[in-house]
Amino acid sequence: MTEHTKTDGLPGMDMPAAPPGEGHAFGKAPLRNERMAVAKVECNACPVLCQISDGRTGACDRYANRDGVLVRVDPVVLLRRTLAGDAPALVPFDRPAADPAAEGTTPEWNGDLLHADEVFVTGVGSSTTYPDYKPAPFIVGSKAQGVDMVTVVTEGIFSYCSFKVKIDTDRFLGSEQANVRYRGEVVGHVTTAEYGSQMLSLGGVHHLTGGSKKEGRMTVELMQKLGNKQAVECTIDGGASLVIQAGKAPIVNGVEEQRMRVGCGSAAVGIFARQFAGVADEVVVVDDHITGVLTEHQAGRCLDMPASGIEMRGRKSTPGRYFQVANPGNGWGGTDIDDPLSIIEGWEAGVAKPGLRLLMTSTTGEHAQWYVLDDALRPVEQDMPAAVRDIVARIGENCEPSLCTVLFLGGAGGSLRAGVTENPVLLTRAIKRALVNVTCGGAPAYVWPGGGITVMADVLRMPDNSFGTVPTPAIVAPIEFSMRRDDYAALGGHMGHVFPLEQALARGAWQDDGAPLARQWQAIDVGNAWPLGQPPMLG
Ligand code: SF4
């Protein structure tokens, strides 16, 4: 029988765990990483089962063979409330963690339990136990506000996962359901637009595994980059080319987007109606969704503005609100028009008067022109009065910066649960009862109602480089389940594998052979609540 070098290396489920405080927990356990006869080690962290030669890494670059020992290349990311004080920034995996001189940093936190509730072990770099017939790499016991807690930490392998991308722009990116391509391959689609934003769904199981090998490779590459906050360039069939990066402005057809519209045309009319009323006789706010016409609009009527006699193109929805005045595009207000007068059908004789003052503006104020009707009721462009310019500037001032928002959406309701409990449905139920706080790299995860454990997290709130890949292909992403210790016992948790925080840090997922644990300290994102001690866990 071939001896394989295993990534799990955890003691057998029937092997009693050393009680806390007795030093090296697995000192008497067999080494998890045993040398193969051919000087290769086999990694079984995913079904690819790489045979890794000495000095090389596996196909995912996450595991390496160092002198016959399988190691996780990246450090485990540990969060603290702040980094002020004694936490070093980085201890590489192949240098002794306990030797501050080697790092030239201040001494590392020594495991003092007084500080235990100030340290959170994330799944980033924690290693994987897939398929999860074995306990998660870290099952950490700690105290939060005097309450015994357990956090189960792993790098999950997600076949069912995608990114939901919100792009703050009213420019036309592509028709709903249009394919999104990355390096020529279809990796997602345009989905339902939201208020002021175009939405994309990128990645997902059908692109990862349901198409060609190249489609899967391109999909996983795009997903890893997006999750790791890098820029990706996509094209949309029949639409725009697009550069997307979490937290940055989108670049649409080579132009960096600046402003997110203040609202639809109707909303803009309502918001600024009082200011318009004193300086203009008619205002049209051009918008691909709803173009607003002030004097017809309820806002204008409430302000007793007389009808202007303007006759609009498009489909009238309700008074002063018009759909489909033009086609979608990159012109005024997300339409394809460059000349705003092209959406005016005409002027009603006997109602419209020579000298009528007309403002036409887009929903961002980036486009605006001022006209006065001549004796033949033709709008003649004139210099915009200062008072009108101020209102247009205020529209612009009320636009928020245009950004790309990238949310990771993953299904954790499968075999990953077996790393947490012997009876997986109990974890699902405990999460639904809010007994378990689910985080991704310490970032809060929204758990969708209904069946399974479908979680969603903002990648900007996760540590940098939280995402990896395996060539199955699938995405690797951190996930942590935190709960009271008694709740963990009640859901059939692997209680024999709970280690106190300081022991888990000393031991790590790999440390039963005495190799130093690679770790990286980070301050938790200022927008994130501390993952432990959130009600109702402690309630
Ligand atoms: S792809 Fe990575 S995780 Fe999978 S077996 Fe190879 S080295 Fe291990």
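Residues numbered from 1 in each chain as written. Predicted model: local features only at pLDDT ≥ 70, side-chain atom pairs only at ≥ 80, totals over all residues. Heavy atoms only, no water.

A. Expanded view of the sheet that holds strand β16 (residues 251-252). Here we have eleven strands laid out as an open sheet, ordered β17-β16-β15-β14-β11-β12-β13-β10-β29-β33-β32, and antiparallel in their pairing. In the strand order of this sheet, the two ends are held by β17 (255-256) and β32 (446-447), each with one partner. Looking at chain direction, β16 and β17 are connected through two bridges and run antiparallel. Of the residues in β17, the one forming a bridge with Val 252 is Val 255. Across the sheet, helix α3 (residues 213-227) touches β10 (161-167), β11 (179-182), β12 (185-194), β13 (197-203), β14 (232-236), β15 (241-244) and β29 (404-411), and the angle it forms with β12 is around 50°. (Pairing = 2+ DSSP bridges. Helix = DSSP H or I, 4+ residues; strand = E, 2+ residues; numbered from the N terminus. Contact = heavy atoms within 4.5 Å. Axes fitted to C-alpha atoms, helices over the stretch in contact; angles between N-to-C directions.)

B. Structural view of the site of the ligand. If you check the shell around the ligand, you find Cys 43, Ala 45, Cys 46, Leu 49, Cys 50, Gly 58, Ala 59, Cys 60, Arg 62, Tyr 63 and Pro 471 and nothing else. Per-class residue counts for the shell around the ligand are nine nonpolar, one polar and one charged. (Near = heavy atom within 4 Å. Nonpolar A, V, L, I, M, F, W, Y, C, P; charged D, E, K, R; others polar.)

C. Quick peek at the sheet that holds strand β22 (residues 315-318). An order of β22-β23-β20-β19-β25-β26-β27 is seen for the seven strands of this open sheet, with the pairing classed as mixed. Across the chains shown, the open sheet's two edge strands, defined by having one partner strand only, are β22 and β27 (379-382). When the angles between neighbouring strand axes are averaged without regard to direction, this sheet yields 25°. The pairing of strand β20 (residues 291-293) with strand β23 (residues 321-323) spans two bridges and is antiparallel. Looking at the pairing, Thr 291 lines up with Tyr 322 of β23. Sitting on the sheet, helix α6 (residues 386-397) touches β25 (357-362) and β26 (368-373), and the angle it makes with β25 is about 20°.

D. Geometry of α3. Taking 1.5 Å of rise per residue, 15 residues should cover 21 Å, and α3 covers 21 Å from first to last C-alpha, within 8% of that figure. Restricting attention to buried positions, one finds in α3 the residues Glu 215, Gly 216, Met 218, Thr 219, Val 220, Leu 222, Met 223, Leu 226 and Gly 227. Following α3 by one or two positions, Lys 229 adopts a phi angle in the positive range, close to 70°. (Expected span 1.5 Å × (residues − 1). Buried < 20%, exposed > 50% of the residue type's maximum accessible area, 1.4 Å probe, protein only.)

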